[in-house]
Every structure is written in C-alpha cells, then in structure tokens.
Amino acid sequence: MRVALSVACFDDALFPGTGKAVTVLLERLGHEVAYPPGQTCCGQIHWTTGYHREAADLARAYTAAFEGCEVVVAPSASCAATVRDGYPRIARTARDPGLARAAEGLAVYELTEFLVDVLGVTDVGAYFPHRVTYHPSCQSARTLGVADRPLRLLRAVRGLDLVELPAAGECCGFGGAFAMKNSDVSVAMVADKVRHVRDTGADVVCAVDNSCLAHIGGALSRLRGGVRTMHLAEILAETGPA
C-alpha cells in the first residue's frame, strides 16, 4: 500500500524523529511511504483559538496537499482529529461546501488506528527491553476513540514491560493554548500526571501525541527523575535480536 505521511508541524519543528520512525516502521511492514511536500499546519490551533478564517485557509491547503491519496497516516491524534472532526465544522463555518467535500474524501488515520484497524496487525516486529507506561492523550481517547489500540501494540513488543498508568484518563494539562492561558491550572495538572508516571517506576512514558509528551517531559526534566518520553512510533520502530 502507498501511504501518505502527514507530519504535524509541531513534530516537524521539535520532534522530527517521530516522522522518521513512522517511515521506518511502515516500510518494514512492506508499505511505500510518500511525503506530500505541499502539506502544512492542519489549522488546529487557529480553529480552537477563534481564528476561523485562517483555519479554513489551512484546511484548504491541507486537503489540496493530500488530494487523491489512498490513505493518510498521522502520528498525531490531535491532527487526525482536527481533519476528521474539525474540518466539517470549519467548512460549515466558512460556508465552503467544496472544503467539506474535500475533507470527506480524505482517509486520514492516526497511526495506531491504521496499524490495528486497516493493516490488521498488532505485532510489528518491535523489540524494546524497557519498562513503559502509556498516557492516552485527550484527543486520542475522547475525539478519535482509539481505545486500547496503542496498548495492544505495546503488549506485542518483545522485551517490553508495560505498566498501567494510574488515573490514565486525566488530562496532562497541555491543551494547546490552554497551557498558556491557564498556566497555574496547567502546571497543577501536569504535576499530578508526572506523580502518577513516577509511581509506575517506568523508564519511559509514551503517547501518540508529542504535544502531551513535551508538556510531561518538561515537568519530568525539572524533577530529574530519569523517566524518558517517547512517541509510540519510536518504540514500535525499534528492533533487536530475532
């Protein structure tokens, strides 16, 4: 299958290893990965902060970049959710039926959805001999409903010791502009999240959104606790002895 890779602008700027890991993983599974060069920001932050005209412009650019692609895979639940859940609303607000049709024509999947639901695989041949806990981001759990797909993939990784994160469903406090507009609340929320992460004794906390990991990782780094943050794709791209 030819897969079009949609890399969040946040990842492209700060976590380029995530897009590389997705490419390594999908190519290892026998698929061709393409990177449409015209892609840009999906417009999520513009839409959620009230810049609706700018969000519509970015949505038009995004749908044009991926027009005609068989399938689009995003290692960002928040971006996938914006396209699938947000674009129809953006199109209605902009009174742009053409954008609505373009968005409807895109088959956009978050990475774990694509692996489990489309490819039908949970064992991707990964090897990662570390103690890991998983943080379900709000967009992945509440908007996309990825449920246990990430956990199913993690359980199939050889050598990995998966430990449950207490109060996993609680938000980490990032929420895009929320962390800036409500910084005191955001800091309190991430403090709770980090306490739960440390309680697991994990070496690594992973998620399917680097925005959450940046927030959690920043708090962890100040505690010098030794817990690393990794995108789930980076773990799945790891291999070891047969």
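Right above here is the structure, for reference.
Read on for a plain summary of the structure. Treat the numbers as computed from the prediction; the structure is a model and nothing was measured.

Observations concerning the sheet that holds strand β8 (residues 228-231)
Reading across the sheet, the four strands line up as β6-β5-β7-β8 and stay open at both edges, with parallel pairing between neighbours. Of all the strands in the sheet, the pair left with one neighbour each is β6 (161-163) and β8. On average, each strand axis in the sheet is tilted by 35 degrees relative to the strand beside it, whichever way the strands run.

Section: the pairing of strand β7 (residues 204-207)
Side chains Val204 and Cys206 project from β7 onto one buried face, and the interleaved Val205 and Ala207 project onto a second face that is buried too. Pairing geometry for strand β5 (residues 131-134) and β7, over three bridges, is parallel. The residue of β7 that forms the bridge with valine 132 is valine 204. The sheet contact formed by β7 and β8 spans four bridges and is parallel. In the strand pairing of β8, valine 205 is matched with threonine 229. In this region the chain leaves β7, passes through helix α12 (residues 210-223) and returns to the parallel neighbour β8; the handedness of that crossover is right-handed.

Cut-offs applied
Residues numbered from 1 in each chain as written. Predicted model: local features only at pLDDT ≥ 70, side-chain atom pairs only at ≥ 80, totals over all residues. Heavy atoms only, no water. Pairing = 2+ DSSP bridges. Helix = DSSP H or I, 4+ residues; strand = E, 2+ residues; numbered from the N terminus. Axes fitted to C-alpha atoms, helices over the stretch in contact; angles between N-to-C directions. Buried < 20%, exposed > 50% of the residue type's maximum accessible area, 1.4 Å probe, protein only. Right-handed = clockwise from strand over helix to strand, strands pointing away.

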